[in-house]
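Chain by chain, the residues:
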Amino acid sequence: MSAVDPTFDLDGQPVALQPGDTILSAAARAGLDIPHLCWSEEVSGSASCRLCTVLADGRPVAACVTPAVAGQKVECRTASLATQRLRLLQMLFVEGNHFCPGCEKSGNCVLQVQAERAGMTELHFEVLNPERPVDASHPDVLFEPNRCILCQLCVRASDELDGKRVFAIGGHGIATRLLIDSPSGRLGDSALSVDDRAAHICPVGALLPKRVGFAVPIGQRRFDTEDTRG
Ligand code: SF4
Ligand code: FES
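Conventions used here
Residues numbered from 1 in each chain as written. Chains lettered and ligands numbered in written order. Predicted model: local features only at pLDDT ≥ 70, side-chain atom pairs only at ≥ 80, totals over all residues. Heavy atoms only, no water. Helix = DSSP H or I, 4+ residues; strand = E, 2+ residues; numbered from the N terminus. Buried < 20%, exposed > 50% of the residue type's maximum accessible area, 1.4 Å probe, protein only. Contact = heavy atoms within 4.5 Å. Pairing = 2+ DSSP bridges. Polar contact = N/O pair within 3.5 Å; in protein donor to acceptor, adjacent residues only side chain to side chain. Salt bridge = Lys/Arg side-chain N within 4 Å of Asp/Glu carboxyl O. Near = heavy atom within 4 Å. Nonpolar A, V, L, I, M, F, W, Y, C, P; charged D, E, K, R; others polar. Axes fitted to C-alpha atoms, helices over the stretch in contact; angles between N-to-C directions. Parallel < 35°, antiparallel > 145°, perpendicular 65-115°, else oblique. Left-handed = near helix turned anticlockwise from the far one by under 90°.

In this section: the overall build of the chain. The helix and strand tally for the chain stands at four helices and nine strands. Along the chain direction, N to C, the helices and strands of the chain fall in the order β-β-α-β-β-β-α-α-β-α-β-β-β. Along the longest, intermediate and shortest principal axes, the C-alpha atoms of the chain span 55 × 40 × 40 Å. Buried positions account for 46% of the 230 residues belonging to the chain. A separation threshold of at least 6 residues defines the contact pool for the chain, and within that pool the share at least 24 residues apart is 62%.

So, in structure tokens, the structure goes:
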């Protein structure tokens, strides 16, 4: 970074800007973590999870879709934002069935690691125990809707990277769910291929390629080496 590069301040650290940057993309490039679930540099932003909420000059904004502005003061690590992130994560956990000990994504799951980073030790809210039918109709990809956090990464990957539009979000309120574009509404009748990016971008254990689960030894999974204590 040269002296003339425009920067903003993230929790006391200068972060260099490039044209088109959001607060989150600039921070990610600088190696500074702003907690997030529904953002990926591969696809456009959806601002659906709100885990990336920061204070930009005192105003709460979703860092994944808010343009970075030179000279701005951005706060991510305040006590109230930490509590808000914890509550958001607790809401996501009670809304679905996140039985991590039996989930193939455990150790590789972004929701699980964000909860660990947030210091989540209890669920806080009433558990809803949804009973949405699992869709195992596709020969190579499983859909477990009780783990879906509606991040829409598969929706955007199918649309923007695969050019297929296999997925969409439908319904309202607590009944909102991931829809599959096929005559039967089932994955097996859709255009999804296991080679599609949409089949692999799910940050949790909702969309899973079949016959590859539990392949990585505990200790070598994506987040196993991260020390999230204190
Ligand atoms: S299936 Fe996975 S990627 Fe798709 S919306 Fe649900 S959690 Fe997100
Ligand atoms: S990462 Fe910004 S709202 Fe989800």
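Here strand β7 (residues 167-170) runs beside strand β8 (residues 177-180); their pairing, made up of four bridges, is antiparallel. Each residue of the ladder has a partner; that of alanine 168, found in β8, is leucine 179. In this antiparallel pair of consecutive strands, β7 and β8, the connection spans six residues, and glycine 171 shows a positive phi of 85°.

Another point: the side chain of serine 40. Relative to the elements of secondary structure, serine 40 occurs in the loop between α1 (23-29) and β3 (53-56). Here the side chain of serine 40 touches glutamate 42 through a polar contact of 3.0 Å, landing on its backbone nitrogen. In this view, serine 40 contacts Leu153 and Ile201; residues no more than four positions away in its chain are not counted.

This part takes up the pattern of salt bridges. Think of it this way: side chains of opposite charge can pair up when their charged atoms draw near. Under the definition given, this model contains 10 salt bridges. A salt bridge links aspartate 21 to arginine 29, with the shortest nitrogen-to-oxygen separation between them at 2.7 Å. The exposure class assigned to arginine 29 is partly exposed, which follows from its relative accessible area of 41%. Overlapping salt bridges bring together Asp33, Arg77, Arg117 and Glu226 as one network.

With that settled, consider the site of ligand 1. Neighbouring residues of ligand 1: 13 residues in total, closest Cys148, Cys151, Gln152, Cys154 and Cys202. The residue inventory of the shell around ligand 1, partitioned by class, reads 12 nonpolar, one polar and no charged.

The next subject is the packing of helix α2 (residues 79-95) against helix α3 (residues 110-117). Packing of α2 against α3 leaves a shortest axis separation of 10 Å and a crossing angle of 135°. Between α2 and α3, the interaxial angle falls into the category oblique. Between α2 and α3 lies a crossing whose hand is left-handed. Along its contact with α2, which presents Leu89, Leu92 and Phe93, the element α3 presents Leu111, Gln112, Gln114 and Ala115. Broken down by class, the residue content of the contact of α2 with α3 amounts to five nonpolar, two polar and no charged.

Further remarks concern the sheet that holds strand β4 (residues 59-62). Adjacent strands of a sheet pair through backbone hydrogen bonds, lying either parallel or antiparallel. Reading across from one edge, β2-β1-β5-β3-β4 is the order of the five strands in this open sheet, with mixed pairing throughout. Edge positions in the open sheet fall to β2 (13-16) and β4, since each of these has one partner strand only. Across the sheet, the axes of successive neighbouring strands diverge by a mean angle of 35°, strand direction being ignored. Where β3 and strand β5 (residues 73-75) come together, two bridges link them in antiparallel fashion. By the bridge assignment, leucine 55 is partnered in β5 with glutamate 75. Of the strands in this sheet, β3 and β5 are in contact with α2, which crosses β3 at around 155°.

This brings us to the side chain of glutamine 112. Looking at where glutamine 112 falls in the secondary structure, it is placed in helix α3. You can call glutamine 112 buried: its relative accessible area is 13%. Excluding its chain neighbours within four sequence positions, the residues that come into contact with glutamine 112 are Phe93, Cys100, Ser106 and Gly107.

The next thing to look at is α3. Every α-helix carries 3.6 residues per turn, so stepping three or four residues along brings you back to the same face. Most of α3 sits inside the fold, with six of its eight residues counted as buried. Here α3 has its buried residues at Val110, Leu111, Gln112, Val113, Gln114 and Ala115. Where the residues of α3 are buried, they touch α2. With its phi angle positive at about 75°, glycine 119 sits one or two positions after the end of α3.

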